[in-house]
Amino acid sequence: MLDRFVAAAETADALNAQLRVDLAAAFRLAVAFDWHESVGNHLSVALSPDGRKFLMNPRWKHFASINAYDLLSLDSDDLETMQRPNAPDPSAWAIHSRIHAALPHARCILHLHPPYSTALSTLADPTIHPIDGNTARFYGRTATDLGYDGIADDAVEGDRLVDVLADKSVLIMGNHGVLVVAPTIAAAFEDFYFLEKASKTLVLAYSTGKPLNVMSPELAARTAHGWTAYSGMATAHFAQLKQMLDESGSTYASLNREGRCQSFRL
């Protein structure tokens, strides 16, 4: 019985360590793709089965310097979190703690302000119209919030965003940015990658001043469903991106404080 308990504990520790490494990689890659913004924005991943315990970046630490050991281990139910010296960013806590606590499908949450999807979020109609394969990928999977009321830094606003996101995997946050949730870090990163590409396509199409050639609902739905056969791309893509980080000498995977920061660009 004791051996079984020890084995289970070692397995949990190994899983948590891998989540730390993968999330740290996502921060470094966000810099490489120019999705970051100063020392703001936030990414998180659930640790516990119910999602209420999770990892997230520390307050105001540049994504390019985040290592696996830097990530905060947090609990949505811990009412003392924001009173501690190492408290996370208030906006990060308000958004991520509420979503992790309320939405089981949101194992990984990426909230960023990348150029094209943020530009799209500022339009009066920020709909991701299905005009090609990448934009159609998000057909039926996107929620839109047009109720922006300033910086989201309290539980009430976090709960409101939970209600808007509901069972969707992408939230276009009007006048703000975007948020993606997924069962894994690799899946969330892949969706974010294609979301920014889809937004770029739309922004460039709008810039021509010509009418959009929007797919019919039937074609858009069929194209979106067609992406399910390619779900394995997420794992393969993320693994190869991590390999590029490794080959560049990045210290993102450090689980202790030895090592130094390395830059990396795609």
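Preceding this paragraph is the structure being described.
The paragraphs below set out a description of the structure included in this document. (Residues numbered from 1 in each chain as written. Predicted model: local features only at pLDDT ≥ 70, side-chain atom pairs only at ≥ 80, totals over all residues. Heavy atoms only, no water.)

All told, the structure shown has 2 cavities of 30 Å³ or more when counted by the stated rule. Of the voids in this model, the largest cavity is the one considered here, and its volume is about 50 Å³. Forming the walls of the largest cavity are Val 39, Gly 40, Asn 41, His 42, Asn 57, Pro 58, Arg 59, Trp 60 and Asp 89. Class assignment for the residues of the lining of the largest cavity results in 3 nonpolar, 4 polar and 2 charged. Taken as a whole, the second largest cavity spans an internal volume of roughly 40 Å³. In terms of lining residues, the second largest cavity is bounded by Asp 145, Tyr 148, Gly 150, Ala 152, Glu 157, Arg 160, Leu 161, Met 173, Gly 174 and His 176. Top contributing element to the lining of the second largest cavity by residue count: helix 5 (residues 155–165), with 3 residues. Of the residues in the lining of the second largest cavity, the class split is 4 nonpolar, 3 polar and 3 charged. (1 Å grid on protein atoms, 1.4 Å probe; cavity = no way out; pocket = protein on both sides within 12 Å on 5 of 7 lines; lining within 4 Å. Points joined across faces, edges and corners; volume = space filled by probe spheres on them. Nonpolar A, V, L, I, M, F, W, Y, C, P; charged D, E, K, R; others polar. Helix = DSSP H or I, 4+ residues; strand = E, 2+ residues; numbered from the N terminus.)

Below, the discussion takes up the layout of surface pockets. Over the atoms a probe the size of a water molecule is rolled, and this reveals where empty space is left. The calculated volume of the largest pocket comes to roughly 330 Å³. Along the walls of the largest pocket sit 18 residues, with Arg 137, Arg 141, Ala 187, Asp 191 and Ser 231 positioned nearest its centre. Where the lining of the largest pocket is concerned, the elements lending two or more residues are strand 7 (177–182), helix 6 (185–207) and helix 8 (232–247). Taken together, the residues of the lining of the largest pocket break down into 10 nonpolar, 4 polar and 4 charged. In terms of lining residues, the second largest pocket is bounded by 17 residues, among which His 42, Ser 91, His 113, Ile 151 and His 176 are the most central.

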